[in-house]
Amino acid sequence: METVPDRSRTFLTASAVVVVLGTVLAVVTPLVADAPRAFVGSIVTSGLLGLVFTVRGLQLFRATGRVPLPATTLSIVFGIWFMGAPLLYDTSRVGFVATAGTQFAGLLVAAFGTYLFVHGVTATTE
């Protein structure tokens, strides 16, 4: 298994950083938006767990030059959760900022995580 060329590595590193920052955004948004405690508890605790995998994925990619599929897969799962979780709560109580911010964060995590995942799968089959 070869490492990726420098030009691809730059974008993949940036993608991994976006996944980490998106997860941080998902954790912070409900806190600053003063969302209900149940929503904050759900998103923040899952976000902190997701942060473990996103940071580990970035760390492993930087160390090896290969996309770590387990960490990336879990990042995608958390991204999907961040997009869907606000829909489980009464949006009139959660508020627009908490809902939209968490969903936007989830979109970033899921989209860039999927890009990393697809690259990781195709790189291992070449």
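Residues numbered from 1 in each chain as written. Predicted model: local features only at pLDDT ≥ 70, side-chain atom pairs only at ≥ 80, totals over all residues. Heavy atoms only, no water.

Examining the overall build of the chain
Here is step 1: Each helix and strand in the chain was counted, giving five helices and zero strands.
Here is step 2: The N-to-C order of helical and strand elements in the chain reads α-α-α-α-α.
Here is step 3: Computed over its C-alpha atoms, the radius of gyration of the chain comes to 15 Å, within 12% of the 14 Å expected for a compact globule of 126 residues.
Here is step 4: In terms of overall dimensions, the chain has a C-alpha envelope of 50 × 20 × 20 Å along the principal axes.
Here is step 5: The buried share of the chain, taken over its 126 residues, is 41%.
Here is step 6: The long-range share in the chain, meaning contacts at least 24 apart out of those at least 6 apart in sequence, stands at 78%.
Here is step 7: Summed over its atoms, the accessible surface of the chain is roughly 6,900 Å², and 68% of this surface lies on carbon and sulfur atoms. (Helix = DSSP H or I, 4+ residues; strand = E, 2+ residues; numbered from the N terminus. Rg over C-alpha atoms; globule rule 2.2 N^0.38 Å. Buried < 20%, exposed > 50% of the residue type's maximum accessible area, 1.4 Å probe, protein only. Contact = heavy atoms within 4.5 Å. Areas by Shrake-Rupley, 256 points an atom, 1.4 Å probe, with all protein chains shown as cover.)

Some points on empty space enclosed by the protein
Here is step 1: Per the counting criterion, the structure on display carries two cavities of 30 Å³ or more.
Here is step 2: The calculated volume of the largest cavity comes to roughly 90 Å³.
Here is step 3: Surrounding the largest cavity, 13 residues form its lining, Ala16, Gly57, Leu58, Thr72 and Leu116 being those nearest its centre.
Here is step 4: Here the element with the most residues in the lining of the largest cavity is helix H2 (residues 37–64); it accounts for five residues. (1 Å grid on protein atoms, 1.4 Å probe; cavity = no way out; pocket = protein on both sides within 12 Å on 5 of 7 lines; lining within 4 Å. Points joined across faces, edges and corners; volume = space filled by probe spheres on them.)

Description of the side chain of Ser42
Here is step 1: Tracing the sequence through the fold places Ser42 in helix H2.
Here is step 2: On the basis of relative accessibility, which here comes to 17%, the residue Ser42 falls in the buried class.
Here is step 3: Apart from residues no more than four positions distant in its own chain, Ser42 is found in contact with Trp81 and Tyr89.

Quick notes on the nonpolar core
Here is step 1: Judged by nonpolar contacts, the single largest core of 13 residues is most densely connected at Ala35, Phe39, Ile43, Phe82, Val94 and Ala98.
Here is step 2: When residues of this core are traced back to their parent elements, those giving at least two are helix H1 (6–32), H2, helix H3 (69–84) and helix H5 (96–125).
Here is step 3: Residue contributions to this core peak at four residues, all from H2.
Here is step 4: Among all residues touching Val94, those that are not within four sequence positions of it are Ala35, Pro36, Phe39, Tyr89 and Thr99.
Here is step 5: Counting nine residues, the second largest nonpolar core, distinct from the first, contains Leu12, Phe61, Val67 and Leu116. (Core = buried A, V, L, I, M, F, W, Y, C linked by side-chain atoms within 4.5 Å.)

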